[in-house]
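# Report on the structure
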Amino acid sequence: MSLGTFHFVPVLLWTDALIFMLLTVALATVWWIRRHAHLRAPWAAVARRPMAMGAALVLAVFVIIGLLDSLHYRERLDASPPDRPQYSVEVLSVFDALAGRLRTQQEKTYSAPLAMHLYAKEFTERDGATVRDYPRLEYGGAHLKQADEYVPDIVRRVLVGLLQGLASSLLLFGLLAAWQARHRQMRVGSWLSAWETGHLGWPGRTVVIVLALMLMLGAVIARLAAGYHVFGTDKVGQDVLYISLKSIRTGLVIGTLTTLVTLPLAIVLGIAAGYFRGWVDDVIQYVYTVLNSIPGVLLIAAAVLIVQVAIEAHPDLFDTSAARADVRLLALCIIMGVTSWTSLARLLRGESLKLRTLDYVEAARAFGVSHARIISRHIFPNVFHLVLIAIVLDFSGLVLAEAVLSYVGVGVDPAMYSWGNMINGARLELAREPVVWWQLGAAFAFMFTLVLAANLFADGVRDAFDPRLEERQ
Amino acid sequence: MFAYILRRLLYAIPILIGVNLLTFALFFVVNTPDDMARLQLGAKHVTPEAIERWKVEHGYDKPLLLNTRVTGSAQLTDTLFFKRSAAMFAFEFGKGDDGRDIGNEIRTRMGPSLAIALPVFVVGLLVNITFALLMVFFRATYLDVWGVVLCVVLMSISGLFYIIAGQYFIAKLWNLLPISGYTGGIHGLKFILLPVLVSVVAGIGSGSRWYRTIFLEEIGKDYVRTARAKGLSEIRVLFRHVLKNGMIPILTGAVVVLPLLFMGSLITESFFGIPGLGSYTIDAIQAQDFSVVRAMVFLGSFLYIVGLILTDISYSWVDPRVRLQ
Amino acid sequence: MSPLLRVDRLVTGIGAARVVDGVSFDVAAGETYALLGESGCGKSMTALSLMRLLPDGGRILSGHVQLGETDVLALPERDMRRVRGGQMAMVFQEPMLALNPVIKVGDQIGEALSLHQGLNGQAARDAARALLDSVGVPDAARRLDSYPFELSGGLRQRMMIAMALAGEPSLLIADEPTTALDVTIQAQVLDVLRNLRAKRRMGMLLITHDLGVVAENADRVGVMYAGELLEEGARDAFFAAPQHPYSRMLFEALPRTGDAGRLTTIAGQVPRLDTQLRGCRFAPRCPFAIARCHAESPGWQELDGQRVRCHLAGSLPAGSVRERVTHPVAAHTPQPLLQVEGLKVHFPIRRGLIQRTVGHVRAVDDVDLTIQAGRTLALVGESGCGKTTVGKALLRLIEPTAGTIMLGGKAVPAKNMPTLRRQAQMVFQDPFSSLNPRMRVADILLEGMDALGVGARGERRGAVARLLDQVGLPDDAGGRYPHAFSGGQRQRIAIARALAVSPRLVICDEPTSALDVSVQAQILNLLKDLQADLGLAYLFITHNLAVVEYLAHDVAVMYLGRIVEQGQAGAVLRTPRHPYTQALVSAVPRIEPPAGQTVIRLAGDQPSPLNPPVGCHFHPRCPHASAVCRQTYPERTDLGGGHWVRCHWVAAQG
């Protein structure tokens, strides 16, 4: 590598590449939609729904963390000579760099959230005598000299965090008000009263409140995390907050890349079956009935086991463990995609069957327009809303499925950070006294927040795009 | 009608053949018996002899499709495909890696699976329909709006959370029910209650929301207005007219899963220690026992197809438009 | 005598729109009051307000409704339920949708009987059967056990009426009761309603858009526009001299016999009801409007027993506003453009285990047609007779089973479809489903030119502008999407699309049946203009005889897949010879009472083309059927002047 002078070398994992490809496609789509009034209209309707916009903000935070965590690199080993640099086998991401001490401050084993002491008793030297007691943590609360400083310190950090969050949200709000007032050529005062009464045309109050809450929560957690393990530590002493945050990327990858595999299969086969009917329909229906009839988990399990065998048979293909785990993640996405395209395909088939009999398709046929053109200009644009609704609805289901699959043992690589692995690892510890609940709690809380936000957003999208709902209103 | 059902039955055969071929390809062609042996023996013990021995022990020592070492029809029948894959059509599943007969296991484990899955199905259906009807009755009020939000919240919680929380609070903390286990007969009831309760609660969110959409779609139709114009009360309109039409998609959607109830639920059974087919499957996956996994794939597909046929039958039974044409 | 129903200043809102705005009228017992208006004028909402059955989001904002002794709007919902179906009952438009599909009709009627008359079990069944007898359902006892889908449209609507009568209401509200029905069935159902009203001395509120239906059925008429009542009066006075400009224009927009002039059109559109409206609501579209009309909403005025809301009432010019321009009749000798011989379209019926073909639906069976260049041939028939299939088979959108299609004297082989498609194009019925909502108008117009390679690529954009101009759309229409246009404008786009490849024949499949009368007039005018300018030939597929009279040169009447009578329009429509054509012409409700013609009412429904009657398909419904009709299908009988008919009875008359 010619990057000898740098302190790191970028690493592009398979899923990274696909994620950024997806991002590019998404941005291009946004640009395309902005230019077309009839495409923009339903999105404008989504933007007017407070619930959907609040959810979108939460999703945005998750996405940003996920994207930061997808910029991977390997650090140069300090000991390696500058002319022939060697790089660490550990693949890090920009998020790791930002998280800093969160990643490196590792305790010996379990510790409760915000604890100063380890979960398990150990023999320690104290005043020359060996006593069995809960030892102090190496990092969590290490800055405290005395135990009675603990509560005031926590309170101080929470308050400072809240104030910082509040201050920054006020600042942001001020900037927003000034920009908006200028943009609309009105006085800041009248903009503020419009904001207060909810007459902005977009859910300003919800957006500002959700933003402020997130900023305050973020600031409090950041303050606390500087001195403690906010969500405790796991069996090997790693910070649970860090693991939970790292798991976001896994969840997002599964939720989005799987759909990326599903879409071409579902769209091509679904529309072809509905549009051409006859033997094409028979063959496609046969294929998806066969796939559908095999219990999904079993099919995924079988395929994952095979991939596992293949990966283990070729260890030389992967130069880091991260690359190996990544390929397994990608394989999981592909497998889930291949097994889950059937429902969308069936939906598209039904819709295409209806559309092909509509007069505008007949009119096109009366001109002798080719099948490819009829499908691309008449059928596909009119089923696209179904595709979109399916994307957002499937997302949350896939995130939840990851946890179940990891529990069954056919999910992501055991070495990968994922909520499923967190739950799987912590489940057995529930029997311990006192209970080790924080790992489970953190995983469920993060998963719940992401899935709830996705579901609420999906609801908004569905309401705006489903023409049947539109007619009813 | 009879010809219709017979045609559906005949259609099932190519589907099952497709499933059989697909599983054969996955388990024998892509992933060869040698790979299986290596995985089972572990890295330390892999020698060509050990692999051969393992294959003989587990009955994987035959050619895939064509046996050239024998003559006559045995060329086709004395093969892995015929003995291990096609034999499943006769429900001969062979033995698992633990040496037990898979067919036997399936027969004894169906009972416990059904003991959980059937109550979950029935109670879940009733509860979800009730909630959906309530939301529809109070449609366009705050009760409905918040009901939907609650459904979305319930939907967003991982199924694992319901189980873990249920076990922790109800069984461990409050000691109301045993945390896991199973016995047959009336004494087994205490073991069944918790998994059933947890599974029903876990399904309320998505279930009632889905049924609510179905009922709402029906309630917008013209015949509902006619029923109201007759002077019927809203309750009667809902129960006699809307429910009767809404039940068509609900029932047919439910019938398809009916045979699959025999398969049980992987996660529930494994958490609650129910000796059913679900936990059998999950154990097989974790032990990488391919014979059992293959058997379960075939059984699952078979039951799914039975479900499809039942759906067709039930559809023509509940909907006079299909029945009489 | 106090009226049965008194509606006083009723205001109903849906969301921000006041869909009914200050409507007042009375209905006396035994009287039919017709609410007349085009779609979206608020007439159905008025009816639903009376029943208090408004859709979600709808609210009665003010007003007073008195039914007999009952103050309807003041009743608690509990008591209102006794009024609904008991004192006033309603018949809806679409009987297929308005009946519960999974409950037997007998039970649906029984429900109302048990609720309002306390009848159950056998007593209810007997009462239900009596009701079916009274609405003329044959074989009533057996029909009680039918599901709605097993019944024909006419029977379904009779069931709806029977259900409405179950509570012995004093007021029957009929909301477009026959709009979804064929014209011969419509005549049957209207007869039933008329007889029942007379026998039971019910008041009837008849809601319709059809002036003919009003003329034959109503005692008094109220005209609604944009949520308001504009004019009201006794039927005879109203039809003799409508006073409001809107009413007058409605009359003049209607195509009538022997009138070759242009139809009056009403410019512009109905105003949006969710905006603040000032002045007379019709003023923006009124050719007589003065400044006062735009500023001040007119009050009611009495004029010879009619009441009208118009500032200019009484001072309007007496005559017609219709332009008296006649199109020059094409002088050249007719040249056959498209000839079809022996056209058959049979759809196989598959049954049984291996989906064997057990028979055929003979949707089109041995049809011969000749369309002359520059002339219009109307293909007339009721729904299900195969007329649309003929149109689609001509363009090979449906593959014909047999038959030859000749274009300009030369046969068109199946391979040579582009030739056919450059010569013949199609305009569809529903302008909402015939335009892709995701394509710009310009792209819609370009599609045909691109596919058939019409004109040089660079010139096509210019062609789009010319087409838009030709059909009377603004220049900037090309850049917009279909949803920005009204129904009439969309139909213009559809016509422009067909014209884009410069065809010589346009097949128009019911192009105006989804449109209001005033918009229909615009489209008919446009079609006539285009024919005069471009020498187009039309195959005009329709069930609307009034339109045929106005537009067509020749007429072919179809019944169950076959043409039963064909000839010049005037001859066929004024002296119909086939008993079916006679019944069809007689069944059309007319504004002017038909002079000297006996009214012919057909019994029963059109049989299924799946299993057509042996012999002449029409014999089971024919008043003149004889033994030979039951055995052989009649041959052509030529009546001279290109007029021919397939009927044994006519043939026997010699």
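Residues numbered from 1 in each chain as written. Chains lettered and ligands numbered in written order. Predicted model: local features only at pLDDT ≥ 70, side-chain atom pairs only at ≥ 80, totals over all residues. Heavy atoms only, no water.

Now for the overall build of chain A. Across its full length, chain A holds 18 helices and 5 strands. Judged by the C-alpha coordinates and their principal axes, chain A covers about 100 × 70 × 55 Å. Taken over 473 residues, chain A has a buried fraction of 50%. Within chain A, residue pairs in contact and separated by at least 24 positions form 71% of the contacts whose partners lie at least 6 positions apart. Entry remark: accessible area of chain A is about 22,600 Å², with carbon and sulfur atoms responsible for 65%. Counting 41 positive and 38 negative side-chain charges, chain A places the averaged centre of each group 8 Å from the other. (Helix = DSSP H or I, 4+ residues; strand = E, 2+ residues; numbered from the N terminus. Buried < 20%, exposed > 50% of the residue type's maximum accessible area, 1.4 Å probe, protein only. Contact = heavy atoms within 4.5 Å. Areas by Shrake-Rupley, 256 points an atom, 1.4 Å probe, with all protein chains shown as cover. Lys, Arg positive; Asp, Glu negative; His and termini not counted. Charge placed at Lys NZ, Arg CZ, Asp CG, Glu CD.)

Here we take up the packing of helix α17 (residues 438–465) of chain A against helix α7 (residues 142–155) of chain B. To describe two helices that pack against each other, one gives the angle between their axes and the distance between the axes. Relative to each other, α17 of chain A and α7 of chain B sit at 135°, their axes nearing to 9 Å. In terms of orientation, α17 of chain A lies oblique with respect to α7 of chain B. Where α17 of chain A crosses over α7 of chain B, the handedness of that crossing is right-handed. Within the contact between the two elements, α17 of chain A uses F448, L452, N455, L456 and D459 of chain A and α7 of chain B uses V148, V152, V153 and M155 of chain B. A class-by-class count of the residues in the contact of α17 of chain A with α7 of chain B yields 7 nonpolar, 1 polar and 1 charged. (Axes fitted to C-alpha atoms, helices over the stretch in contact; angles between N-to-C directions. Parallel < 35°, antiparallel > 145°, perpendicular 65-115°, else oblique. Left-handed = near helix turned anticlockwise from the far one by under 90°. Nonpolar A, V, L, I, M, F, W, Y, C, P; charged D, E, K, R; others polar.)

On to the packing of aromatic side chains. Considering all chains together, one arrives at 33 aromatic pairs over all chains under this definition. When the ring of Y275 of chain A is compared with that of F276 of chain A, the centres are 5.0 Å apart and the planes differ by 85°; the resulting orientation is edge-to-face. Judged by its relative accessible area of 38%, F276 of chain A is partly exposed. With centroids separated by 6.0 Å and ring planes inclined at 80°, the aromatic side chains of W437 of chain A and W438 of chain A adopt a geometry described as edge-to-face. Residue class for W438 of chain A comes out buried when judged on its relative accessible area of 4%. One aromatic cluster is present, built from ring pairs that chain together Y110, Y119, W437 and W438 of chain A. Across from the ring centre of W300 of chain C, 4.3 Å away, lies the NZ or CZ of R307 of chain C, which sits over that ring. When the ring centre of Y633 of chain C is taken as origin, the NZ or CZ atom of R562 of chain C, which lies over that ring, is 4.0 Å away. (Phe/Tyr/Trp six-rings, centres within 6.5 Å; stacked < 30°, edge-to-face > 60°. Lys NZ or Arg CZ within 6 Å of the ring centre and 35° of its normal.)

On to the domain arrangement of chain B, then. With domains assigned, chain B is organised as domain 1 (2–84) and domain 2 (106–286). Centre-to-centre separation of domain 1 of chain B and domain 2 of chain B, based on C-alpha positions: 38 Å. (Domains from an automatic or database assignment.)

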